[in-house]
Structures are given as structure tokens and as C-alpha cells.
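Observations on the three-dimensional arrangement
Take a look at the letters that make up each chain.
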Amino acid sequence: MIKSSSAVRRRSFLLPVFVFADNLKLKKTKTIRNINLTGKDYWEDKWVNKFTEDGAEPGSFVVETEAFLRRRGLRTVLDLGSGKGRGSLWLSAKGYEVTALDISPSALAHIHSLDPRVKTICTDIAAFKGSGLCFDWVLADLSLHYWDDTTTRMIIAEIYKALVPGGCFSIACKSVADFEYGQGRKIAADTFEHGHIRHFFSLDYMRELLREFEIEKTAETERREKHYGHYRTVEAVAFKPK
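Residues numbered from 1 in each chain as written. Predicted model: local features only at pLDDT ≥ 70, side-chain atom pairs only at ≥ 80, totals over all residues. Heavy atoms only, no water.

Thoughts on the nonpolar core
Among the nonpolar cores identified, the biggest contains 32 residues, and Val138, Leu144, Ile159, Phe169, Ile171, Phe201 and Leu210 are the most heavily contacted of them. Breaking this core down by element, the ones donating at least two residues are α1 (39-50), β1 (76-80), β4 (135-141), α5 (149-162), β5 (163-174), α6 (203-209) and β10 (229-239). Beyond its immediate stretch of four places on either side in the chain, Phe201 contacts Leu144, His145, Thr152, Ile171, Cys173, Lys174, Ser175, Val176, Met206, Leu209 and Val234. (Core = buried A, V, L, I, M, F, W, Y, C linked by side-chain atoms within 4.5 Å. Buried < 20%, exposed > 50% of the residue type's maximum accessible area, 1.4 Å probe, protein only. Helix = DSSP H or I, 4+ residues; strand = E, 2+ residues; numbered from the N terminus. Contact = heavy atoms within 4.5 Å.)

Have a look at this one:
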């Protein structure tokens, strides 16, 4: 089991819910190079300049999880760290009521321009508050491995609050067996700074984080995708007790 790490400093941005005009387009800006970006600036640069595809092709973890959950009658989905919507747009097209949460206004504007049915929330995941929300499914596909142990646990607690009783939480994070493990400056247990902070998960750590949930399945998986290339993850599907 991974030991709790010391706090890692990270800028946090809390912005209001964005409502975008139907004709708003995502514009490519001048690429920012040789700058160690953090927070909103890092993700704006990534979604505008680096990952320029539409993002409508879902990740394999999302596709597999949706197939696993299909007969459970889930309706409302919160996509944490949605980026340009490769999961959100696909799920909306399948009939789910989707809310996309991301720190990048440009990424959310892109989602809205392609599917105005998708609701958007622009905020840092670390600032997310789950009280008063009622989602059937919270999805976190490679979006919760950017914080220290303390912050990660706080985010998981807010996700628990955001779910209805019996609701599902599906999560995929980079594994300690991933090819990028150990790159950069080590700042905490299994946590490195290399352009941005990356906290790698083990199966034991994932299970311990989800101890308040009823864990349906966990796995270590190796994937190859156009979006992220070749990588290894620790994945889980868990439910809030009814």
C-alpha cells in the first residue's frame, strides 16, 4: 500500500459555470513553448495547441465501462476532467444526460459547439464540491492522478457525495507500472513533477482510496490509444452503497 504523501502545492482555479453560444468555435493560439505551465494555463495549452483533434472518439476504458453498466439504467453522468469531450460527446450521443467538468474554458467551448445538450462546469477538479449533486455515474478517465495523497482523498470524498445511493464511480489512473513512472523530480511517494505533477497508482492504493465504496472490480491494464499512446493503468468500478 502506498503511504500517504506530503502535500504538493498546486494552483487551483474556481470559475463559474460557463454557458457558450452555439456558434462559438475553438481557435488555435500560438503554442507556448519551454514554459512549465500549471493549472489552467497548462490545460489550455494542451487542449488548444497539442491535442487538436475533435475528441469525439471515446477512450477504451469509457467504452468498456459503459457496456458493463448499460443494463443498470443509469441516466446522469459527470465526466471529471472531460477535456475536449471524447467521453462526454460519445455518452451524450448514446442518450446519457452528461455534465462535463474541466478547468479549460476552450475545451468546454469545443464540447458545447459540437453538442449543446452537454452541460459544462469550468473548475479545477480539486475545487469540485459534490454536496447537493445527484449523479448516477461519475467518470474519471485519466483525470485524477495529478494531486498529492491528501488532495486525492478529498476529491474522492466529494465524488462520493455527488453520487446517488447505488451510483457508480469508474476511475482509471496511470499505474506505478506505467512507462513514465520515475520521470522527473520525485516530490512524494509515487509522485513526480515532469512538466506537470503525476501521481501513479497501485492496485492496493486504489482499493484503499475506495474503501467507502462497494468495489465491483479492479484491474491493471495496458492500453494503446491514439489520444494517449501506449500506457498502463490501474482501473476500478465501484458503487456507493444504497
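Moving on from the model shown.
Re the side chain of Lys240
Tracing the sequence through the fold places Lys240 in the segment after β10. Among buried Asp, Glu, Lys and Arg side chains, Lys240 stands out as unpaired, with Glu212 the closest opposite charge at 10 Å. One polar contact links the side chain of Lys240 to the main-chain carbonyl oxygen of Tyr160, over a distance of 3.0 Å. Look past the residues within four positions of Lys240 in its chain and what remains in contact with it is Tyr160, Lys161, Leu163, Val164, Pro165, Gly166, Gly167 and Phe213. (Lys, Arg positive; Asp, Glu negative; His and termini not counted. Salt bridge = Lys/Arg side-chain N within 4 Å of Asp/Glu carboxyl O. Polar contact = N/O pair within 3.5 Å; in protein donor to acceptor, adjacent residues only side chain to side chain.)

Things to note about helix α2 (residues 60-69)
Taken residue by residue, α2 has Phe61, Val62, Thr65, Glu66 and Leu69 as its buried positions. For α2, the angular spread of buried residues about the axis comes to 130 degrees, placing them on one side. On the buried face of α2, the contacting elements are α3 (88-93), β4, β5, β9 (214-225) and β10. (Arc of directions from axis to C-beta.)

A short note on the pairing of strand β3 (residues 119-122)
The side chains of a regular strand alternate, residue by residue, between the two faces of the sheet. Taking every second residue as pointing to the same face, the buried face of β3 carries Thr120 and Cys122, while none of Lys119 and Ile121 on the other face is buried. As judged from the four bridges shared by strand β2 (residues 97-102) and β3, these two strands associate in the parallel manner. Each residue of the ladder has a partner; that of Ala100, found in β3, is Thr120. As for the winding sense of the linkage, the β-α-β connection from β2 through helix α4 (residues 105-114) to β3 is right-handed. (Pairing = 2+ DSSP bridges. Right-handed = clockwise from strand over helix to strand, strands pointing away.)

Topic: the sheet that holds β4
Judged by pairing direction, the sheet is mixed, and its seven strands sit side by side in the order β3-β2-β1-β4-β5-β10-β9 without closing on themselves. Every other strand in the sheet has two partners, leaving β3 and β9 as the edge strands with one partner each. For this sheet the average axis-to-axis angle between neighbouring strands, irrespective of direction, equals 15 degrees. Sheet analysis places β5 next to β10, joined by seven bridges and oriented antiparallel. Pairing of Lys174 across the sheet is with Thr233, part of β10. Seen against the sheet, α2 touches β4, β5, β9 and β10 and runs at an angle of roughly 155 degrees to β4. (Axes fitted to C-alpha atoms, helices over the stretch in contact; angles between N-to-C directions.)

So far we have only geometry, and geometry alone does not tell us how the molecule works.
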